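A closer look at the structure
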Amino acid sequence: MAQIIIPTPLRKYTEEQAVFTTDQPTVELAINELVNKFPALKTQVIDNSGKLRSFIKVFIGEEDIRGLGGEQATIGDKDVVSLIPAIAGGVSVSLN
Amino acid sequence: MKKLILEEKAFNIIAEHGSTDFPNECCGFLFGKDKEGKRTITEANPVVNAKQGDQRRRFEIAPNDYIKAEMYALQNDLQLLGVYHSHPQHPAIPSEHDLKVALPFFSYVIISVIDGIVDHIRSWQLNDEGTFEEETVQRNIFSLN
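First, a word on scope: everything that follows refers to the structure included in this document.

Here is what the cut-offs are and how they apply
- Residues numbered from 1 in each chain as written.
- Chains lettered and ligands numbered in written order.
- Predicted model: local features only at pLDDT ≥ 70, side-chain atom pairs only at ≥ 80, totals over all residues.
- Heavy atoms only, no water.
- Pairing = 2+ DSSP bridges.
- Helix = DSSP H or I, 4+ residues; strand = E, 2+ residues; numbered from the N terminus.
- Contact = heavy atoms within 4.5 Å.
- Axes fitted to C-alpha atoms, helices over the stretch in contact; angles between N-to-C directions.
- Buried area = accessible area lost by both parts, 1.4 Å probe.
- Salt bridge = Lys/Arg side-chain N within 4 Å of Asp/Glu carboxyl O.
- Polar contact = N/O pair within 3.5 Å; in protein donor to acceptor, adjacent residues only side chain to side chain.
- Buried < 20%, exposed > 50% of the residue type's maximum accessible area, 1.4 Å probe, protein only.
- Phe/Tyr/Trp six-rings, centres within 6.5 Å; stacked < 30°, edge-to-face > 60°.
- Lys NZ or Arg CZ within 6 Å of the ring centre and 35° of its normal.

Side note on the sheet that holds strand β4 (residues 63-64) of chain A
All names here are of chain A. Strand order in the open sheet made by the 5 strands is β2-β1-β5-β3-β4, with mixed pairing throughout. Pairing within the sheet leaves two strands with one partner each, and these edge strands are β2 (19-22) and β4. Together, β1 (2-5), β2, β3 (56-60) and β5 (80-85) form the strand contacts of helix α1 (residues 27-37), whose direction differs from that of β2 by roughly 125°.

Quick notes on the interface of chain A and chain B
Facing the 29 residues of chain A at the interface are 30 residues of chain B. With both sides pooled, the region where chain A packs onto chain B buries about 2,600 Å², and carbon together with sulfur makes up 68% of that total. Linking chain A to chain B there are 1 salt bridge. Of the charged contacts, one joins E70 of chain B and R11 of chain A as a salt bridge, the two residues approaching to 3.0 Å between their closest N and O atoms. Put simply, chain A and chain B have 10 residue pairs in polar contact (both at pLDDT 80 or more) between them. Residue assignment for the side of chain A that touches chain B shows that the elements contributing at least two residues are β3, β5 and β6 (88-89) of chain A. If one sorts the elements of the side of chain A that touches chain B by residue count, β5 of chain A sits on top with 4 residues. Pairing of β6 of chain A with strand β4 (residues 59-60) of chain B, which is carried by 2 bridges, proceeds in the antiparallel orientation. Each bridged residue has a counterpart across the sheet, and for A88 of chain A the counterpart in β4 of chain B is E60 of chain B.

Here's the deal with the environment of T21 of chain A
All names here are of chain A. Positionally, T21 belongs in strand β2. Judged by relative accessible area, which is 39%, T21 ranks as partly exposed. Sequence-wise, T21 and I31 are 10 residues apart; in three dimensions their C-alpha atoms are separated by 11 Å. Beyond its immediate stretch of four places on either side in the chain, T21 contacts M1, A2 and Q3.

What to know about the packing of aromatic side chains
Using the criterion set out here, one finds 5 aromatic pairs over all chains in the structure. Ring plane angle 75° and centroid distance 6.4 Å describe the contact between F20 of chain A and F38 of chain A, whose orientation is recorded as edge-to-face. You can see F20 of chain A sitting in strand β2 and its partner F38 of chain A sitting in the loop between α1 and α2 (39-45), a full 18 residues away along the chain. For the pair F20 of chain A and F38 of chain A, one class covers both residues: buried. Ring geometry for F31 of chain B against Y72 of chain B: centres 5.0 Å apart, planes inclined by 65°, an arrangement best described as edge-to-face. Remark: Y72 of chain B occurs in helix α2 (residues 63-75) and F31 of chain B occurs in strand β2 (residues 27-35); sequence separation between them is 41 residues. Relative accessible area serves as the criterion here: at 27%, Y72 of chain B is assigned to the partly exposed category. Counting every residue linked through ring pairs, the aromatic cluster contains F106, Y108 and F132 of chain B. Looking at R39 of chain B, its charged tip hangs above the ring of F105 of chain B, at a distance of 4.4 Å from the centre. Residue placement shows R139 of chain B over the ring face of F11 of chain B; its charged tip is 3.6 Å from the ring centre.

Looking at the pattern of salt bridges
A side chain of one charge can pair with a side chain of the opposite charge if their charged atoms are brought near each other. Residues and elements named next belong to chain B. The full count for this structure, using the stated rule, is 9 salt bridges over all chains. The partner of E8 in a salt bridge is R139, and the shortest N-O contact between them spans 2.7 Å. Note that E8 is positioned in helix α1 (residues 8-21) and R139 in strand β8 (residues 132-140), a separation of 131 residues in sequence. Two residues, R39 and D34, come together in a salt bridge whose shortest N-O distance is 2.7 Å. You can call R39 buried: its relative accessible area is 3%. Among the ionic contacts, a cluster of salt bridges with common partners joins D54, R56 and R57.

Structure, rendered in structure tokens:
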């Protein structure tokens, strides 16, 4: 079965579960299965239009699903799917 | 106020990284244990600032570095507890850019680097209202290996 790695900051919505296993054939179906099992996670990952939130990236292995067909990307038995939150920031004003 | 215990070897890595990358912002991950609210950072792992553009004022961590950090934590029985970054020539106070994509649970450690030297260090966590709350940083100097 494929594995979905839950990012640490979102594990409070998955009863501290770090890895979710699934035999769904696509990213979309796998994530739907995940958020159906853990409904509190849904709003953290999916926006009001039913799409992945813009600040969450999904990778299969080391590849962004945007280059693999998006949410319709297929996943195999040994794939590791990662939900990746944006990590960014910086100082607020110009240095000059 | 919450407390973050920062082992000295982790602090030294963060401080050296901030000085080395000055005048650019540096960034990295923080690992350790959080047991019943007692949070101890035992390791700091530097990563490349992947921000395209002016790295003196912005940082970004590449997705593949994030994946490696989560896997590292899982494989080493650690918790990924947060992120550090530097504010060159600025105080260690989170900006609106830091807040925009901040996550719950994570500690956001910021070091102020002035003229290449670490001036001070502070840490922040997102609260339930979606704003940053400071947590006390206690450096544990007895953890040197």
